[in-house]
Amino acid sequence: MYININEPKREISSDAVKVWRMSNTIGHIIALVIIAILFICSERFEWYSWVSIVLYCLGGLAMLSGIYSILIEPVYLQRTWRYEIDQEFIQLKHGRWNQQHILIPMEKVEYVRTEQGPIMRRHMLYNIEVGTTTSNHVIPAIPAEEAHLLKAQIAVFAKIKDQENGEGEKEHASNN
Amino acid sequence: MHPTTKRYHPAMIAVDLISFIKGSVGIVLILFIFKATSTATWVVWGRYIFIIVCIFTLIWTILQWMFCQYEVTQNSVIERKGVFIKSHRTVPFSSIHNHKSNTTFIHRWFGLTSLTLETGTSGEHANFTFPVITAKEKRHILILLEQPQDQQNGEEPQPVIERSIHFQSNKKDLIKASFTSLSFLAFFPLLSALYFNLAELFHIENSAKNTFDYLLIHWWMLIIILIIAIILSVLFGLFKTFTKYGNFVISDDTDRIYIEKGMGNVVSYSILKHRVQAVVVEQSLLKRLLSLVEVKLISAGGSEDGNDQDTNSLYPFMPKKQAYQVLQSMLPQYVIEERMERFPIKVLWLKLLHPYYVTILSIIGLAIFKREWLWIAAFVFILSVTSRILDYWFTSYIRHGKTIQIRKGGFVNETFVTHHERIQQISIKHSWLQRKFNVATLVFLNRAKPMHESRLYGLSKEEAGTFYTWYHGHSK
């Protein structure tokens, strides 16, 4: 432990790796296909020569980023993601080379919602998005049951705080 | 009691039309003055289209005025408007963070003013504006707004509590301000623009050369002309400063801070004290030499367009001591600590170790496109090293009690002070390189428009941990 703090403990689902691998693979295939089409066009219609050079570079970059985000990133992101939720705070932590800790007081939370894409549905996972007055954060890949529980929990904690706060802000944590 | 729903004063049409005319001055100049003799198709068509647009705007403005009604109740403002698409909007007073009012020359002719209520939300409908309103009604709304929010029902609005005045600009201040802001320099571009326009009009290029020869011989005339030009520019600067900052008054009562300024075009601004999110002290190089400061109050309300950003500023040219005194008496919880400590020198090495992306990019770019200009990359490199050293030199941080204060700078120095409970979220990051140096990056967010991010690179890991626990622990 590099910084001496109370670190969050709860982990995200191990299926996250599969989900991220799948979605990153699809994304990169689409990007590569688009680049390939553009490349064929530039050869066929004799666009400026620098266009194909740029496309070569982009293709190479897409390959490299593909290797990273399909083979390496999902594993280490899943292993390092931690979160913790209590009455007062939401704590998030992720990353290894670039580690990041985030601390959000419950009273600043304005909304919480769950989110699910088609790949996540297959694994029964949800993303939880927490929005504050200034930004929003996503806790990724939480198993369905846990996700609904968490959402309800955050909503309750945030709402209680909002009423005590009495600042008159009209936005409440919503359950959609 | 006031009648429930009503229209705005008809002067709203005039105000809207005049702002339309102001906006189309450029088009009129091109279509009817510069190209007055032109018969090109786009000019002829442009004129017709412009006239049609004018007529439509006139009709539209009148329709909009006719279909717009508002109602002020005990605790909210309700507005119904829309010619084709109807909208109905309710703004509760409790969500108003601050309000400001702007009295332009046009408003003055009609004996009116405008009022903008600013809420803490973002987006298109964040602010509620009365484009025209009588002074009497504005007072009525402000009294409703300023009554304590917990006893909104039933009671008649109470008279406003005595305000105490903390600062009033006098002539000496304004003269000083006009020199510090270098506003007299604004006269020179105006002068040269005028000259070139006249030169084109009267073809004085040739005769000007003769005049210049004549002046060179009679050098005393040159000096007189120069002196006149300088005097004119100084007068111009004074005029600008006086209209903008004349009659500057900062006052407060128990709950609110009031700022009023301007001659002719009067702007007034008011904010609830407990809605102040942070205080920023800014000092440019020149102000540092004269030991003047600008104190800004950061609030969640405010306009996003950013062209009247300095409304939330306490007088921008206040002597440092006085500014701190004013701040101290109005917002005693915001104490500005003068002695701040820099980070250890290793942070400078760390900052210098980072890759020089801009330099690398400029080397690549120049090598491809303009090989003989490659020396420019050296300049870029020196500039980025200098900016990193300056950045290190001015970055400092202090935390005492519930207050946190950070300073950043270079040519413009900025000190940011906020409180534990005003911070919306914090995050601490550390990269592999930072871990080798035992430091971390601290980022915290404050409400503002747009939100204010404070980023401190190179905080020691011990302090980062303490800060995290401090933020985590305090509200328990």
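Residues numbered from 1 in each chain as written. Chains lettered and ligands numbered in written order. Predicted model: local features only at pLDDT ≥ 70, side-chain atom pairs only at ≥ 80, totals over all residues. Heavy atoms only, no water.

A. Representation of the packing of aromatic side chains within the structure. Residues and elements named next belong to chain B. Per the stated rule, a full pass over the model turns up 20 aromatic pairs over all chains. A ring pair is formed by Tyr70 and Phe130, whose centres lie 5.5 Å apart and whose planes are at 75°; its orientation type is edge-to-face. Of this pair, Tyr70 sits in strand β2 (residues 69–72) while Phe130 sits in strand β7 (residues 127–134); the two residues are 60 residues apart in sequence, bridging distant segments of the chain. Relative accessible area serves as the criterion here: at 3%, Tyr70 is assigned to the buried category. Here Phe130 falls in the buried class, since its relative accessible area comes to 0%. Through a chain of ring-to-ring contacts, three or more aromatic side chains come together here, namely Phe167, Tyr245, Phe248, Tyr315 and Phe317. Residue placement shows Arg163 over the ring face of Tyr258; its charged tip is 3.5 Å from the ring centre. Above the plane of the ring of Tyr356 lies Arg388, whose end atom (NZ or CZ) is 3.9 Å from the centre. (Phe/Tyr/Trp six-rings, centres within 6.5 Å; stacked < 30°, edge-to-face > 60°. Helix = DSSP H or I, 4+ residues; strand = E, 2+ residues; numbered from the N terminus. Buried < 20%, exposed > 50% of the residue type's maximum accessible area, 1.4 Å probe, protein only. Lys NZ or Arg CZ within 6 Å of the ring centre and 35° of its normal.)

B. Region of interest: the interface of chain A and chain B. Counting residues at the interface gives 30 residues for chain A, matched by 34 residues for chain B. Summing both partners gives a buried area of about 2,800 Å² for chain A against chain B, and 53% of it is carried by carbon and sulfur. At the junction of chain A with chain B, the criterion picks out twelve residue pairs in polar contact (both at pLDDT 80 or more). Mapped onto the side of chain A that touches chain B, the elements with two or more residues apiece are β3 (89–94) and β4 (99–105) of chain A. For the side of chain A that touches chain B, the class distribution of residues is nine nonpolar, 13 polar and eight charged. Pairing of β4(A) with strand β19 (residues 423–430) of chain B, which is carried by five bridges, proceeds in the antiparallel orientation. Bridge assignment links A:Leu103 to a residue of β19(B), and that residue is B:Ile426. (Contact = heavy atoms within 4.5 Å. Buried area = accessible area lost by both parts, 1.4 Å probe. Polar contact = N/O pair within 3.5 Å; in protein donor to acceptor, adjacent residues only side chain to side chain. Nonpolar A, V, L, I, M, F, W, Y, C, P; charged D, E, K, R; others polar. Pairing = 2+ DSSP bridges.)

C. View of the environment of B:Val326. Residue and element names in this part refer to chain B. When you line up the elements, Val326 lands in helix α11 (residues 320–330). The spatial distance from the C-alpha of Val326 to the C-alpha of Ser251 is 9.4 Å, given a sequence separation of 75 residues. With residues up to four places along the chain from it excluded, the contact list for Val326 reads His166, Ile250 and Met318.

D. Inspection of helix α1 (residues 16–44) of chain A at higher detail. Residues and elements named next belong to chain A. Given a rise of 1.5 Å per residue, 29 residues ought to cover 42 Å, and the 42 Å separating the end C-alpha atoms of α1 matches this to within 8%. Among the residues making up α1, those that are buried are Ala16, Val17, Val19, Trp20, His28, Ile35 and Ser42. Contacts from the buried residues of α1 go to α2 (49–80), α3 (118–122), β6 (125–132) and β7 (136–143). Count one or two residues on from α1 and you reach Glu46, which has phi positive near 50°. (Expected span 1.5 Å × (residues − 1).)

E. A look at the pairing of strand β5 (residues 96–103) of chain B. All names here are of chain B. Here β5 lies mainly inside the structure; seven of its eight residues are buried. Relative to strand β6 (residues 112–119), β5 runs antiparallel, the two being bridged by six bridges. Across the sheet, residue Ser101 finds its bridge partner in β6, namely Leu115. Where β5 meets strand β11 (residues 266–272), six bridges bridge the pair, whose relative direction is antiparallel. Residue pairing for β11: Thr103 is matched across the bridge by Val266.

F. Just the nonpolar core, in detail. All names here are of chain B. Core analysis: the biggest nonpolar cluster contains 37 residues, and Tyr397, Ile404, Ile426, Leu442, Phe444 and Phe467 have the highest contact counts within it. Going through the elements one at a time, β12 (276–283), α12 (346–353), α14 (375–394), β17 (403–408), β19, β20 (439–446), β21 (452–460) and α16 (461–474) are the ones with two or more residues in this core. Counting residues per element, this core draws most heavily on α16, which supplies five residues. Dropping the residues within four chain positions of it, Phe444 is found in contact with Ile404, Ile406, Phe416, Thr418, Ile423, Gln425, Ile426, His452, Glu453, Ser454 and Phe467. (Core = buried A, V, L, I, M, F, W, Y, C linked by side-chain atoms within 4.5 Å.)

G. Focus on the side chain of A:Ser135. The residue A:Ser135 is located in the loop between β6 and β7 in this model. A distance of 2.7 Å separates the side chain of A:Ser135 from the side chain of B:Gln425, its partner in a polar contact. When near neighbours in sequence (up to four residues on either side) are disregarded, A:Ser135 contacts A:Val130, B:Gln425 and B:Leu445.

H. Quick look at the state of the cysteines. For the structure on display, the rule yields zero disulfides over all chains. Cysteine A:Cys41 is unpaired, with the sulfur of A:Cys57 as its nearest cysteine sulfur at 19 Å. (Disulfide = S-S within 2.5 Å.)

I. Geometry of the packing of α1(A) against α2(A). Residue and element names in this part refer to chain A. It is at 9 Å that the axes of α1 and α2 come closest, and there the two elements cross at 175°. Considering their axes alone, α1 and α2 lie roughly antiparallel with respect to each other. Across the contact of α1 with α2, the residue classes tally to 18 nonpolar, ten polar and three charged. (Axes fitted to C-alpha atoms, helices over the stretch in contact; angles between N-to-C directions. Parallel < 35°, antiparallel > 145°, perpendicular 65-115°, else oblique.)

J. Broad picture of the environment of B:Ala448. All names here are of chain B. Tracing the backbone through its elements, the reader meets Ala448 in the loop between β20 and β21. Here the alpha-carbon distance between Ala448 and Ile298, two residues 150 residues apart in the chain, equals 6.2 Å. With residues up to four places along the chain from it excluded, the contact list for Ala448 reads Ile298, Ser299 and Ala300.

K. Seen up close, the confidence of the model for chain B. All names here are of chain B. Here chain B averages 81 in pLDDT, while 86% of its residues score no lower than 70. Here residues 150–157 is a poorly scored stretch, pLDDT under 50, and it has eleven contacts once near neighbours within four places are set aside; other chains count. Overall fold confidence for the complex sits at a pTM of 0.76, while the interface term, ipTM, reaches 0.79. (pLDDT = per-residue confidence, 0-100.)

L. Representation of the pattern of salt bridges. The full count for this structure, using the stated rule, is 19 salt bridges over all chains. Across the pair B:Lys273 and B:Asp252 runs a salt bridge, and its minimum N-O distance is 2.6 Å. Here B:Asp252 lies in strand β9 (residues 249–252) and B:Lys273 lies in the loop between β11 and β12, a separation of 21 residues in the sequence. Relative accessible area serves as the criterion here: at 14%, B:Lys273 is assigned to the buried category. Judged by relative accessible area, B:Asp252 falls into the buried class, the value being 5%. B:Glu338 is paired through a salt bridge with B:Arg407; the nearest N and O atoms lie 3.8 Å apart. Of this pair, B:Glu338 sits in the loop between α11 and β15 (341–342) while B:Arg407 sits in strand β17, and the two are 69 residues apart along the sequence. B:Arg407 sits in the buried class, given a relative accessible area of 16%. One network of salt bridges, with partners in common, ties together A:Arg113, A:Glu115 and A:Glu129. (Salt bridge = Lys/Arg side-chain N within 4 Å of Asp/Glu carboxyl O.)

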